[in-house]
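Here is what each chain is made of, one letter per residue.
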Amino acid sequence: MTNEDQYQLATYKKMPIAAERGEGVWIYTSDGDKYLDLYGGHAVAGTGHCHPHVVNAIRRQAGELLFYSNLVYSNARARAAEKLVSIAPDALTKTFFCNSGTEANENAMRMARLATGREKIITFSGGFHGRTADAISATFLGKYRELGKPNVPGHVEAEFGNVESVRALADDTVAAIMLEPIQSMAGVRMAQPEFYRALRSLCDERGIVLIYDEVQTGVGRTGQWFFAGSEAAGGVVPDVVTLAKALGSGVPVGACLVTDAIASHIKENDLGTTFGGGMLAMAAVTATLEAIEQDRMLENVRRVEAYLRRRLRENNQVEAVHGLGFLLGIEFKENAAAVHKRLLERKIITGTSSNPKVLRLLPPLCLTEAQVDEFVLAADFHG
């Protein structure tokens, strides 16, 4: 094990793993162990660890130009922006690049306020949007909002899945309604399509901006490029979609996708970022999206999800399987911590959630049916 704890703040409870190398769905440690990674570094390793196409693109770009700011034009940035817009729902026509999911959400809320001239933001019980000031103030999950005090004013909480609770708050002071369409950390909670459609109608009726925080659900994780516009969303496309996590296959990058209507309100210097849109990150974005296409990973997610659900139905300790694609929450009849511990002992990495009965899976999009079999066998649901 490393001496990391000697020099770094103890901000995370770490697993006893010193990751040295990765390939596909596998993590290799400094002491020679090999782990099946069904957590993906918290949904980041979408294309798998060190996908050759992504690695080669980063190497090429690193030899040409690591970085220059947004004050110059960049072919790498232009390619990434064009590629990202090309896979988005048609209404989302412009992108803004930043460095992380919390920054994407901060900028999305700022754009909503600029577009409407209003200040309040409605978010939901169980939602998590990041740890910077505005984003953590928009987070109504566990202790996070408390950690962010003093909170940014103007944030109000609605009940996820209950449109009437939203309607009661959505007056003419509200700039935006922002939600994770699938609430990951809250235990992989998802609403019915009618809820998303009702939110879209309410926003249209009252001049409110609708923001989907797709930091986790975006970039193919649900088996579609985005939750926005999907059947699960009732076909709804929001005004802004925020992205990060898997967008750069591990290179830090975030983005906002916006409609022409939102873009029309943004002037020079309204938004800014030093490192956002840097060439190395942009090369990673383009290569990530290309790798997902070339390897037909969206189809793989849908096929392997169906297989995993079939395998889990065989186990009487599994109460339900929540979520979509490769953002899944396995709900057990008893506490999931024992399963998480047993899996780690058997060299399989999974995630927990704020729901003690729910184990989260956020694997790379290249996970196979054979690896699902390994997981089910190692989990020993009857043990």
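Residues numbered from 1 in each chain as written. Predicted model: local features only at pLDDT ≥ 70, side-chain atom pairs only at ≥ 80, totals over all residues. Heavy atoms only, no water.

A sheet is described by the order of its strands in space; here three strands give the open sequence β13-β14-β16, paired in antiparallel fashion. In this open sheet, the two strands that pair with only one neighbour each are β13 (318-324) and β16 (358-361). Ignoring which end each strand starts from, the neighbouring axes of this sheet average 20° apart. Pairing of strand β14 (residues 327-332) with β16, which is carried by four bridges, proceeds in the antiparallel orientation. What sits directly across from I330, in β16, is L359. (Pairing = 2+ DSSP bridges. Helix = DSSP H or I, 4+ residues; strand = E, 2+ residues; numbered from the N terminus. Axes fitted to C-alpha atoms, helices over the stretch in contact; angles between N-to-C directions.)

A grouping of L65, Y68, L71 and V72 is seen on the molecular surface, where their side chains present a nonpolar patch of about 410 Å² in accessible area. Relative to the assigned elements, V72 resides in the loop between α3 (52-62) and α4 (75-87). Classification of V72 by relative accessible area gives partly exposed; the value is 30%. (Patch = residues over 30% accessible without salt bridge, like charges linked within 9 Å, V, L, I, M, F, W, Y side chains within 5 Å. Areas by Shrake-Rupley, 256 points an atom, 1.4 Å probe, with all protein chains shown as cover. Salt bridge = Lys/Arg side-chain N within 4 Å of Asp/Glu carboxyl O. Buried < 20%, exposed > 50% of the residue type's maximum accessible area, 1.4 Å probe, protein only.)

Estimates place the volume of the second largest pocket at around 1,100 Å³. Taken together, 26 residues make up the lining of the second largest pocket; nearest its centre are N70, R77, T95, F96 and L271. Of all the secondary structure elements, the ones that give two or more residues to the lining of the second largest pocket are α4 and β4 (92-98). Here the residues of the lining of the second largest pocket are counted per class, giving 13 nonpolar, eight polar and five charged. (1 Å grid on protein atoms, 1.4 Å probe; cavity = no way out; pocket = protein on both sides within 12 Å on 5 of 7 lines; lining within 4 Å. Points joined across faces, edges and corners; volume = space filled by probe spheres on them. Nonpolar A, V, L, I, M, F, W, Y, C, P; charged D, E, K, R; others polar.)

Those residues of helix α13 (residues 337-345) lying buried are V339, H340, R342, L343 and L344. Looking at the buried side of α13, the elements it contacts are β3 (34-37), β14, β15 (348-349), β16 and α14 (369-379). (Contact = heavy atoms within 4.5 Å.)

With respect to the helices and strands, D239 occurs in the loop between β10 (209-213) and β11 (240-243). Judged by relative accessible area, D239 falls into the buried class, the value being 15%.

Okay, the state of the cysteines next. By the definition in use, this model includes zero disulfides. The thiol of C366 is unpaired, and the distance to the nearest cysteine sulfur, on C50, comes to 11 Å. The exposure class of C366 is partly exposed, given its relative accessible area of 26%. (Disulfide = S-S within 2.5 Å.)

Quick look at α3 now. An α-helical segment advances 3.6 residues per turn. Residues three or four places apart therefore align on the same side. By the burial criterion, the buried members of α3 are V54, A57 and Q61. Projected onto a plane normal to the axis of α3, the buried residues spread over an arc of 65° and lie on a single side. In α3, the exposed positions angled more than 90 degrees off the buried face are occupied by P52, R59 and R60. Its buried side turned inward, α3 meets α4 and α11 (279-294). (Arc of directions from axis to C-beta.)

Summarising the model, the protein chain shows a mean pLDDT of 96, and 99% of its residues fall at 70 or more. Ranking the helices and strands of the protein chain by mean pLDDT puts β10 first, with 99, and helix α1 (residues 4-7) last, with 85. (pLDDT = per-residue confidence, 0-100.)

Attention shifts here to unusual backbone geometry. Following K149, the chain continues to P150 via a peptide bond in cis, the omega torsion being 0°. Here P150 shows up in the loop between α7 (144-147) and β6 (155-158). One non-glycine residue, C50, lies in positive phi territory at about 55°. Mapped onto the elements of the fold, C50 is located in the loop between α2 (40-43) and α3. Here C50 falls in the exposed class, since its relative accessible area comes to 51%. Positive phi values are uncommon outside glycine, yet S249 reaches one of about 55°.

Before going further, it helps to examine the packing of aromatic side chains. For the structure on display, the rule yields nine aromatic pairs. With a centroid separation of 5.7 Å and an interplanar angle of 70°, the aromatic rings of F160 and F195 are classed as edge-to-face. Here the residue F160 occupies a position in the loop between β6 and α8 (163-167), and F195 occupies one in helix α9 (residues 193-206), the gap between them amounting to 35 residues. Accessibility classification places F160 together with F195 in one group, the buried group. Put simply, the rings of F124, F160, F195, Y196, Y212 and F227 pair up and form one aromatic cluster. It is R21 that lies over the ring of Y28; its NZ or CZ is 4.0 Å from the centre. Lying over the aromatic face of W26, K34 brings its terminal NZ or CZ to 4.2 Å of the ring centre. (Phe/Tyr/Trp six-rings, centres within 6.5 Å; stacked < 30°, edge-to-face > 60°. Lys NZ or Arg CZ within 6 Å of the ring centre and 35° of its normal.)

Counting 89 residues, the largest nonpolar core has L84, I177, L179, Y212, F226 and F375 as the members making the most contacts within it. Formed by 20 residues, the second largest nonpolar core is a distinct cluster that contains F96, A104, M111 and A138. (Core = buried A, V, L, I, M, F, W, Y, C linked by side-chain atoms within 4.5 Å.)

Next up on the list: the packing of α13 against α14. For the pair α13 and α14, the least separation of the axes is 9 Å and the interaxial angle reads 115°. α13 and α14 meet at a crossing whose hand is right-handed. Of the residues in α14, those in contact with V339, R342 and L343 of α13 are F375, A378 and A379. Considering only residue class, the contact of α13 with α14 consists of five nonpolar, no polar and one charged. (Left-handed = near helix turned anticlockwise from the far one by under 90°.)

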